[in-house]
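Report on the structure
What follows is each chain in one-letter form.
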Amino acid sequence: MTDSRGTLAGRRIVVGVAGSIAAYKAVALVRLLGERGAVVDVAMTPSATQFVGPLTFESLTHRPVVDDVLELDADQQIAHIELAEAADAVVIAPATANLLAVLAAGLVQDAVSAVACASRAPVIVAPAMDAGMWTHPATQRNAETLRGYGYRIVEPEVGSLASGLTGVGRLAEPPTIVDAVERLFARAGDLDGVRVVVSAGGTREPIDPVRFIGNRSSGKMGVAIAEAARDRGASVTLVAGVMSVTQPRGVEVVDATTASTMREAVLRHAPGADILVMAAAVSDFAPQRASGSKIKRDGSSLAITLVPNPDIIAEVGEMPEEVRPFLIGFAAESDDLEANAAAKLRDKGLDLIVGNVVGGPFDAIGSDENKVTVFGAEGALTDWPMLPKRQVAERLWDLIADRWRAARPAEPSEGQARRSRRR
Ligand SMILES: Cc1cc2nc3c(=O)[nH]c(=O)nc-3n(C[C@H](O)[C@H](O)[C@H](O)COP(=O)(O)O)c2cc1C
């Protein structure tokens, strides 16, 4: 029998309440989370206590409210740090315009911002405010900054506001916020048991024992993709080219520093995998012959003939259906991203392609952030802003996991499986 209380049973959730007229809705939120089996602690800003008394929350949760950043708990521990460390998720609802600014700036000036800053748990923020405040560029920028930290924003809704006006700024309804919390935990294991291969980093094609033709790839994007898959429960093999970041823990790492060793590693691991993400920057060309000894300077010029390397991802794309993993490529293009990505997707038999523009004012190579567009056979699928690479990776997995599941042949029912076993 499944637990009727679902994904929230036993989860420690801190609800942070700020000084908005919508603070009364946090009472319903706390009740709903409790009904679904979550253990709820409430942190309040001093302004919030002017709107709803801590006693209301304490009588619902049977736990003390933390409303003072300088407070110690019954065991003389710092109350907000205890909450931050125990939390499986922090849900700030309602979040005022002021609190968004405080969180975006990394300030710690009340119990709610203290918990958010100290916790490593995922944070959900549900803003509530006057429409003018919500649409102000400063507030929008703060919300975007929080998205960049990995916070999920539950967008405010359109409706009548405390001012008597109608506009955007109303706190999302408590069931909508609970949905967002449940989705958070549902995603946590959405790749359980899925076999994922990720390639990352650049390659070096030897000219002689000390020289090579390489590229500036840092491996950051591929490593973020491998780590995000690992954290969602996948068993991950990372085919690691030359990287400037440390290799992640908890994944199988296969070193492959030339295009040909990378081809070997990918072709060895791809057939057993469910999903292959080729994020490595594999050299398109290699010197026709690598000199066995160091080439000496003799005053004359040196010509190196480059020959094309095998197209690894196209080879995987041609694998028979039964062994070919769901295939995601990357396209770094200096111009005409959409047309080039579409052609690459089609020609190489990919399921999805992640495009990013290189060589412009922003350079994704080596950066901690990236702005990508994902294309499927039907065209562009995303319109994401510039995000930290880990956030890009999280969004990519949301998309990849859904598409991969939809593309998979349906699992046979128990009955079908029995019938086919009898045959
Ligand atoms: C009746 C009343 C309602 C308010 N409602 C909101 C609101 O919905 N959203 C908001 O951002 N600020 C609202 N404010 C202003 C905040 O309470 C004020 O900015 C306060 O400093 C917020 O503190 P906090 O962010 O630490 O909770 C309201 C103020 C009053 C007097």
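Residues numbered from 1 in each chain as written. Predicted model: local features only at pLDDT ≥ 70, side-chain atom pairs only at ≥ 80, totals over all residues.

Our focus in this paragraph is the sheet that holds strand β20 (residues 379–380). Spatially, eight strands are ordered β12-β11-β8-β13-β16-β17-β19-β20 in an open sheet, and the strand pairing comes out mixed. Looking along the sheet, the strands with just one partner apiece sit at the ends: β12 (252–255) and β20. Bridge count for strand β19 (residues 373–376) against β20 is two bridges, and the pairing is antiparallel. Bridge assignment links phenylalanine 375 to a residue of β20, and that residue is alanine 380. (Pairing = 2+ DSSP bridges. Helix = DSSP H or I, 4+ residues; strand = E, 2+ residues; numbered from the N terminus.)

Turning our attention to the sheet that holds strand β4 (residues 123–127). If you trace the five strands from one edge of the open sheet to the other, you get β2-β1-β3-β4-β5, paired in parallel fashion. Looking at which strands have only one partner, the edges of the open sheet turn out to be β2 (39–44) and β5 (152–153). For strand β1 (residues 12–17) and strand β3 (residues 89–95), the ladder comprises four bridges, and the chain directions are parallel. Within β3, the position partnered with valine 15 by the bridge is valine 91. Packed onto the sheet, helix α6 (residues 111–118) meets β1, β2, β3 and β4 and runs at close to 125 degrees relative to β2. (Contact = placed C-beta atoms within 7 Å. Axes fitted to C-alpha atoms, helices over the stretch in contact; angles between N-to-C directions.)

Okay, the site of the ligand next. In the region of the ligand, 17 residues are neighbours, and Ala18, Gly19, Ser20, Thr45 and Thr96 sit closest. It is helix α5 (residues 97–105) that contributes the most residues to the shell around the ligand, three residues altogether. Residues of the shell around the ligand, tallied by class, amount to 10 nonpolar, six polar and one charged. (Near = placed C-beta within 6 Å. Nonpolar A, V, L, I, M, F, W, Y, C, P; charged D, E, K, R; others polar.)

A word on the domain arrangement of the protein. The domain architecture assigned to the protein consists of domain 1 (11–188) and domain 2 (195–407). Its C-alpha centre places domain 1 at a distance of 39 Å from the equivalent point of domain 2. In this complex, domain 1 contributes five residues to the contact, which on the side of domain 2 involves seven residues. Put simply, the parts of the chain that give the side of domain 1 that touches domain 2 at least two residues each are α8 (137–148) and α9 (174–188). Its residues placed into classes, the side of domain 1 that touches domain 2 shows one nonpolar, two polar and two charged. (Domains from an automatic or database assignment.)

Running from N to C, helix α1 (residues 23–35) and α9 cross one another at 45 degrees; their axes reach a closest spacing of 9 Å. Considered as vectors, α1 and α9 are oriented oblique to each other. Where α1 crosses over α9, the handedness of that crossing is right-handed. Where α1 abuts α9, its residues Lys25, Ala28, Leu29, Leu32 and Leu33 lie against Pro174, Pro175, Ile177 and Val178. For the contact of α1 with α9, the class distribution of residues is eight nonpolar, no polar and one charged. (Parallel < 35°, antiparallel > 145°, perpendicular 65-115°, else oblique. Left-handed = near helix turned anticlockwise from the far one by under 90°.)

Here the focus is the environment of alanine 87. Considering the arrangement of structural elements, one finds alanine 87 in the loop between α4 (79–86) and β3. C-alpha separation for the pair alanine 87 and asparagine 370, spaced 283 residues apart in sequence, amounts to 29 Å. Non-local contacts of alanine 87, meaning those with residues more than four positions away in its chain, are made with Arg12, Ile13, Val14, Ser119 and Ala121.

Scored by pLDDT, the protein has a mean of 90; 95% of the residues are at 70 or more. In this model residues 1–5 is a low-confidence stretch, pLDDT under 50, and it forms three contacts with partners more than four residues away in sequence or in other chains. Note that residues 412–423 has pLDDT below 50 and, in this model, two contacts with residues that lie over four places away or in other chains. (pLDDT = per-residue confidence, 0-100.)

Let us now look at unusual backbone geometry. For the peptide bond that leads from alanine 93 to proline 94, omega is -5 degrees, which places it in the cis range. In this fold, proline 94 is placed in strand β3. A positive phi angle is found at histidine 62, which is not glycine, with a value near 60 degrees. Its 9 C-beta neighbours within 10 Å are what place histidine 62 among the exposed residues. Positive phi values are uncommon outside glycine, yet glutamine 76 reaches one of about 65 degrees. One can find glutamine 76 in the loop between α3 (54–61) and α4. (Buried ≥ 20, exposed ≤ 12 C-beta atoms within 10 Å, placed from the backbone.)

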